[in-house]
Amino acid sequence: MLNSKIPKGPLENKWSDYKGHVSLVNPTNKRKLEIIVIGTGLAGASAAASLGEMGYKVKAFCFQDSPRRAHSIAAQGGINAAKNYQNDGDSIFRLFYDTIKGGDYRAREANVHRLAEVSANIIDQCVAQGVPFAREYSGLLSNRSFGGTQVQRTFYAAGQTGQQLLLGAYQALERQVALGNVTMYSRHEMLDVVVIEGKARGIICRDLITGHLERHFGHAVLLCSGGYGNVFYLSTNAMGSNVTAIWKAHKKGAYFGNPCFTQIHPTCIPVSGDHQSKLTLMSESLRNDGRIWVPKKKGDDRRPNDIPEDERDYYLERRYPAFGNLVPRDVASRAAKERCDAGYGVGKSKMAVYLDYADAIQRYGTGEVNKLGLDDATKEKITELGREVVKEKYGNLFDMYTKITGEDPYTTPMRIYPAVHYTMGGLWVDYELTTSVPGLYAMGEANFSDHGANRLGASALMQGLADGYFVIPYTIGNYLANEIRTAPIPVSHPEFEAAENAVSERINKLMGINGKQTVESFHKRLGKIMWDKCGMSRNAQGLKEAIEEIRHLKKDFWSDVRIPGKILEVNTELDKANRVADFIELGELMCIDALHRNESCGGHFREEMQTEEGEALRDDQNFQYVAAWEYQGDGQWQLHKEDLNFEVAKPTQRSYK
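Conventions adopted
- The residue count restarts for each chain, going from 1 along the sequence in the order it is written.
- Local features in this predicted model are restricted to residues of pLDDT 70 or higher, and side-chain atom pairs are both shown and tallied only at a pLDDT of 80 or more, whereas totals for entire chains, interfaces and linings draw on every residue.
- The basis for the side-chain values is all heavy atoms of the structure; hydrogens and waters are excluded.
- Helix and strand definitions follow DSSP, with helices as H or I runs of at least four residues and strands as E runs of at least two, each counted in order from the N terminus.
- Using C-alpha atoms as the atom set, the radius of gyration is obtained and then compared with a globule rule of 2.2 Å times the number of residues to the power 0.38.
- Exposed residues in this analysis have more than 50% of their type's maximum accessible area, buried residues have under 20%, and partly exposed residues fall in between, with area computed by a 1.4 Å probe over protein chains only.
- Boundaries between domains were set according to an automatic or database domain assignment.
- What makes two residues a contact is simply this: any of their non-hydrogen atoms within 4.5 Å.
- For salt bridges, the criterion is a side-chain nitrogen of Lys or Arg within 4 Å of an Asp or Glu carboxyl oxygen.
- Between any two strands, at least two bridges found by DSSP are needed for them to pair.
- Here, axes are lines fitted to C-alpha atoms. For helices the fit covers the stretch in contact, and angles between N-to-C directions go from 0 to 180 degrees.

*Asks:* Help me get a handle on the overall build of the protein, residues and values and all.
*Replies:* In terms of helices and strands, the protein carries 17 helices and 19 strands. Here the C-alpha atoms of the protein give a radius of gyration of 24 Å, agreeing with the 26 Å that 2.2 N^0.38 yields for 657 residues. Projecting the C-alpha coordinates of the protein onto the three principal axes gives extents of approximately 80 × 55 × 50 Å. Across the 657 residues of the protein, 60% fall into the buried class.

Following this line, the structure appears as structure tokens:
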């Protein structure tokens, strides 16, 4: 069994006891130790800034032209923290419990409780950095609701929370760059991990401008490279987001945890045609005030505003009265799919539902009228004032929707449909965020640890910053305290040479295929297989077919892909080919993992395993574990299990009714 290194003692004391007994590295020795950080999103930027501030010599790498372009910048709705500013019953325990339950009891209790504990510190840290969180009239930070909770604990900066948080972390990072504690390598992509005598000791990366390969030594390597949602081709992820960094680590011995756990986000602008290369997310924060509905009559083609109230089905409010429109993402997504599949979908494709703000505008407008003492206010005035409040809270999201669809969401309900968004799976890590390879860490969305089978909204930003600011600065010392006598290993070491040669051979092989099909066409074919057979719902027959189809696709790719250009120059098609080759291998493992897990939990919905009401049906007796896969050669994996033991949050059938 895997050793998760969970500290002993009561759940609420584990983290404080751990910090009180963890090994330390003195300031002089920190200056002798080199750390590599891959990725400069919230997890990577905060980790690099924190470790640089502590005195370590840090090298940070990103494939973008600036750390500011990390995909964390795209997060919209907010960041969770258990501060109970609204005095509505929130607490560290409540955040912990909501997260465990929301993940359908497939997350590790100790990691989740630690996340809840440090959440409040994150907000204080970001306020001190100048992050412009929304505030109430009193000056206190504002909160709003997100799915899977009955309290308001989400802090936000309009609809651009990720951008503002990343700018805060970026400023902290650039300060350390200016001081010389962090060396920044932009337009560099990691293509392999160098393992020497069983420990991660460096990386091979490619300069994406010159095409040259480089070797870099580190006493430890931190992977903060984000998730792998683009394995589905169409997703809400940036087009550059990829699995390559953690996949290379996986092939060097790092176990991959729960790869099939994928989150489908319920509020995405629907697919409009085959021309699309990505999808656009409308923040879950919109479910805070918006109401989701479909017509009660199948195939109703009337304009939404022409459909009377009594002919509308507010199906989430009907099915889940306790949580209504704020059920978790997996529940809301499946409910939308069920309504559309049953013939109640809207729009040209009939694969969409409405997200309506009419009630919220009237509610806010009435509040403003009362506040201003306008006793004789007209309906038009109430609507005008309500619209201004909604604009202040969600204006940039509404503007984005208008630019993409040409419709005014203030007057016409938005059309939304679920789409691939986040991946709960990732490299298996223990309590210290160490992978199964000593010295190799995975943080943020790159690891599997904190969300189970479904992530609650506004928890991605929370985990990324928790890992970077408040967890890794402690846990990495436990490893590096024993590395202070390890002198920097020259990059001429045979293992560095072998790793670089392997990367070079792969690149030359790709360029030498000189086939007829584009990289994009292979990615699209992979995405269709994954969405159709390992997407919002899965079944054994479809997964078996998907595995065979992906294996055939892999053969086609390596025999008929065409990559124009040269190696030693800017070559975005070569960059993409490297990533798609890794996605194809990952897709096979995802389907194998989904096929092996004969239960439904969170975002993993096996059609054979559901309740009479169509909800996910877990099998705690046989599958209450983390599935950690060890790479054993091309198309071969061995399953390792980490049993999940629940001392406090005892597993029950999830209910949001």
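The discussion continues.
*Asks:* Outline the domain arrangement of the protein, listing residues and values.
*Replies:* On domain assignment, one finds that the protein holds domain 1 (265-420) and domain 2 (494-623). Distance between the C-alpha centres of domain 1 and domain 2: 34 Å. Between domain 1 and domain 2, the contact holds eleven residues from the first and eleven residues from the second. Where domain 1 touches domain 2, the interface holds one salt bridge.

*Asks:* I'd love a proper account of the sheet that holds strand S7 (residues 199-207), names of residues and values included.
*Replies:* With respect to topology, three strands assemble into an open sheet ordered S6-S7-S8, the strand pairing being antiparallel. Looking at which strands have only one partner, the edges of the open sheet turn out to be strand S6 (188-196) and strand S8 (213-217). Ignoring which end each strand starts from, the neighbouring axes of this sheet average 25 degrees apart. This element, helix H13 (residues 494-513), spans S6, S7 and S8 of the sheet and lies at about 140 degrees to S6.

*Asks:* Just give me the short version of unusual backbone geometry, but keep the residues and values in it.
*Replies:* Of note in the backbone geometry, Lys 350 takes a positive phi value of approximately 60 degrees without being a glycine. As for its position among the elements, Lys 350 is in the loop between helix H9 (329-344) and strand S14 (353-356). Owing to a relative accessible area of 26%, Lys 350 belongs among the partly exposed residues under this scheme.

*Asks:* Provide a residue-level description of the pairing of strand S11 (residues 262-268), including the pertinent values.
*Replies:* Among the seven residues that make up S11, seven are buried, leaving the element largely enclosed by the rest of the structure. In this structure, S11 lies alongside strand S15 (residues 414-423), joined through five bridges in antiparallel fashion. Opposite Ile 264, over in S15, you have Val 420 as the bridge partner.

*Asks:* Residues and numbers for the pairing of strand S9 (residues 220-223), please.
*Replies:* Alternating positions in S9 separate into two faces, Ala 220 and Leu 222 on one and Val 221 and Leu 223 on the other, with burial throughout. Inspection of the sheet shows strand S1 (residues 34-38) paired to S9 by four bridges, in the parallel sense. If you follow Val 37 over to S9, its bridge partner there is Leu 222.

*Asks:* Now, about the pattern of salt bridges: what can you tell me, with residues and values included?
*Replies:* According to the stated counting rule, one finds 59 salt bridges in the structure shown. A salt bridge links Arg 175 to Glu 53; the nearest nitrogen and oxygen atoms lie 2.9 Å apart. Of this pair, Arg 175 sits in helix H6 (residues 161-179) while Glu 53 sits in helix H3 (residues 42-54), placing them 122 residues apart in sequence. Assessed through its relative accessible area of 52%, Glu 53 is described here as exposed. Two residues, Arg 312 and Asp 356, come together in a salt bridge whose shortest N-O distance is 3.1 Å. You can see Arg 312 sitting in strand S13 (residues 312-313) and its partner Asp 356 sitting in strand S14, a full 44 residues away along the chain. Overall, Asp 356 belongs to the buried group, its relative accessible area being 7%. Taken together, the shared-partner salt bridges connect Asp 104, Arg 106, Asp 330, Arg 334, Arg 597, Glu 599, Arg 618, Asp 620 and Arg 654 into one network.

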